[in-house]
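# Coordinate analysis (summary)
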Amino acid sequence: MKTIYYVTDVDLLNSSVHTVHVDEVCKNLVALEYGVTLYAPKSEFSDAGAYERKYITTPLFLRSLFFQPVLFVRLCVDMARNRPWVIYCRQSQFLLVPTIVGKMFQIPVVLEVNGRLLQEMSQTERNFIGRILLYSRLLKLIEYLNVKFSSHIVVVAHDIKKYLENTYGDLVANKITVIANGVDTDVFTPLNKAECRARTGLNNNAFIVGYVGIFRSWQGLGYIVTAANLIHKKYPNVVFLLVGGGEEKSNILQLIKEYELEGSVLVLDAVEHDKVPLYIGAFDICLNYPLKNRTASPFKVYEYLSAARSVVCSDIQELRNEFGDTLVYVTPEAPEELAESIIVLINDKERQAELSKSGLKFVEEGRSWKFVAEKILTVCKSLQVS
């Protein structure tokens, strides 16, 4: 059996989107009859999957820097016993060892890029060391070496492809493939709304507009709360439910308090991923409202659509290219327009039903994690020397 070494230095928490992506890709590669060995920092992730896992104990402080020396030795030793077919590396700010090892042993390395990491780091709260690293050339050098030494690059969005092409030119020519994120269509399915609300303790008589995801500055949650304030004045029965956690949570709670929306905008802590379908199933309308400079292939939108819910989303070209006419698009960072679009949708039941139907069809036509794994394998096969 051909074996793929999948390497990541992210903390695999049970409820994180990173964990979902890593686990789903690994499980579906195994389902396609390929061996997978996952190398990652030791974590609390407990799902008993069908693939081998080799966790490396690391401290929380500068996790990746402590992880990589041990990773280097582990990869070199394991290759002597079972030489992998491909090394698949999920890019992060510091992770460099997999591409170096692949170059040393002449093993193809596929680098997965999920965002403009330097931009994301600049938008996230950082400690003193993080700021020093950001404004030094070290992170840029790591990105350059990963791009240079990788055999192929998989990106989740066309804008990331454009960024790499504009930044690295001929270095990435003909070696980037766009493979968007997927969804587990067996887990995220259309559920009965009343039953979901009963199981989550939500008001069955309210009209619920919901968001599930991490609370980061680029997710536009402040604009969502401002839109909720505008809607509440006309539609007091509309409730906004924000489910998740992150560094923006305290700011969001403060804004809710300033608007006196404690009963109209509810904030719940992040839930385990297997509970997310119940909350999405309880929503009438789902939201994805990132800032205008945000580039990503959002998990949440695939999950919303797979659950047959209508979605209001930031009008970003990358998202239009990915989701077409399955969403309602609104100018980003424009709470008045967001509020108006939600109100129009609240009053148009036929439009809600139409969006639900088209979104579900969109997902069913090739957006599952199995489809993602098949496209990754196509890339891996193209790198093999006959």
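The next subject is the environment of glycine 35. Relative to the assigned elements, glycine 35 resides in strand 2 (residues 35–41). The buried category is assigned to glycine 35, whose relative accessible area is 12%. Here glycine 35 is in contact with Met1, Lys2, Thr3 and Ile4, once residues within four sequence places are set aside.

This part covers the packing of aromatic side chains. Tallied over the entire structure, the rule returns 9 aromatic pairs. When the centroid spacing of 5.1 Å and the interplanar angle of 40° are considered together, the rings of tyrosine 6 and tyrosine 88 count as tilted. One end of the pair, tyrosine 6, is in strand 1 (residues 3–7); the other, tyrosine 88, is in strand 4 (residues 86–90), and 82 residues separate them in sequence. Accessibility assignment for this pair places tyrosine 6 and tyrosine 88 in one class, buried. For arginine 367, the ring lying beneath its charged end belongs to phenylalanine 362, and the centroid distance is 3.8 Å.

Before going further, it helps to spend a moment on the pairing of strand 4. By the criterion of burial, strand 4 is predominantly enclosed, with 5 of the 5 residues buried. Both faces of strand 4 are covered, namely the face carrying Val86, Tyr88 and Arg90 and the face carrying Ile87 and Cys89. Sheet topology note: the strand 1/strand 4 ladder contains 4 bridges and is parallel. By the bridge assignment, tyrosine 5 is partnered in strand 4 with isoleucine 87. Alignment of strand 4 against strand 5 (residues 109–113), held across 4 bridges, turns out to be parallel. Each residue of the ladder has a partner; that of arginine 90, found in strand 5, is glutamate 112. In terms of handedness, the path from strand 4 via helix 3 (residues 97–105) over to strand 5 forms a crossover that is right-handed.

Our focus in this paragraph is the sheet that holds strand 8 (residues 207–212). Spatially, the 6 strands line up as an open sheet ordered 10-9-8-11-12-13, and their pairing is parallel. The open sheet has two edge strands, strand 10 (265–268) and strand 13 (328–330), and neither has a second partner. Each strand axis lies, on average, 25° off the axis of its neighbour in the sheet, ignoring direction. Its contacts with the sheet place helix 12 (residues 299–306) against strand 8, strand 11 (285–288) and strand 12 (310–314), and it is angled at close to 165° to strand 11.

Summarising burial for helix 12: 8 of the 8 residues are buried, a large majority. Taken together, the buried positions of helix 12 are occupied by Phe299, Lys300, Val301, Tyr302, Glu303, Tyr304, Leu305 and Ser306. Positive backbone phi, at 60°, marks alanine 308, one or two positions downstream of helix 12.

Turning our eyes to something else, we now look at the pairing of strand 6 (residues 152–155). Covered by surrounding structure in strand 6 are His152 and Val154 together with Ile153 and Val155, the residues of both alternating faces. Across 3 bridges, the pairing between strand 6 and strand 7 (residues 176–178) is parallel. Note on strand 7: the bridge partner recorded for isoleucine 153 is isoleucine 176.

Here we come to unusual backbone geometry. For glutamate 33, which is not a glycine, the phi torsion comes out positive at approximately 70°. Structurally, glutamate 33 can be placed in the loop between helix 1 (17–31) and strand 2. Non-glycine residue glutamate 333 carries a positive phi angle of around 60°. Locating glutamate 333 in the fold gives a position in the loop between strand 13 and helix 14 (335–346).

About the thresholds
Residues numbered from 1 in each chain as written. Predicted model: local features only at pLDDT ≥ 70, side-chain atom pairs only at ≥ 80, totals over all residues. Heavy atoms only, no water. Helix = DSSP H or I, 4+ residues; strand = E, 2+ residues; numbered from the N terminus. Buried < 20%, exposed > 50% of the residue type's maximum accessible area, 1.4 Å probe, protein only. Contact = heavy atoms within 4.5 Å. Phe/Tyr/Trp six-rings, centres within 6.5 Å; stacked < 30°, edge-to-face > 60°. Lys NZ or Arg CZ within 6 Å of the ring centre and 35° of its normal. Pairing = 2+ DSSP bridges. Right-handed = clockwise from strand over helix to strand, strands pointing away. Axes fitted to C-alpha atoms, helices over the stretch in contact; angles between N-to-C directions.

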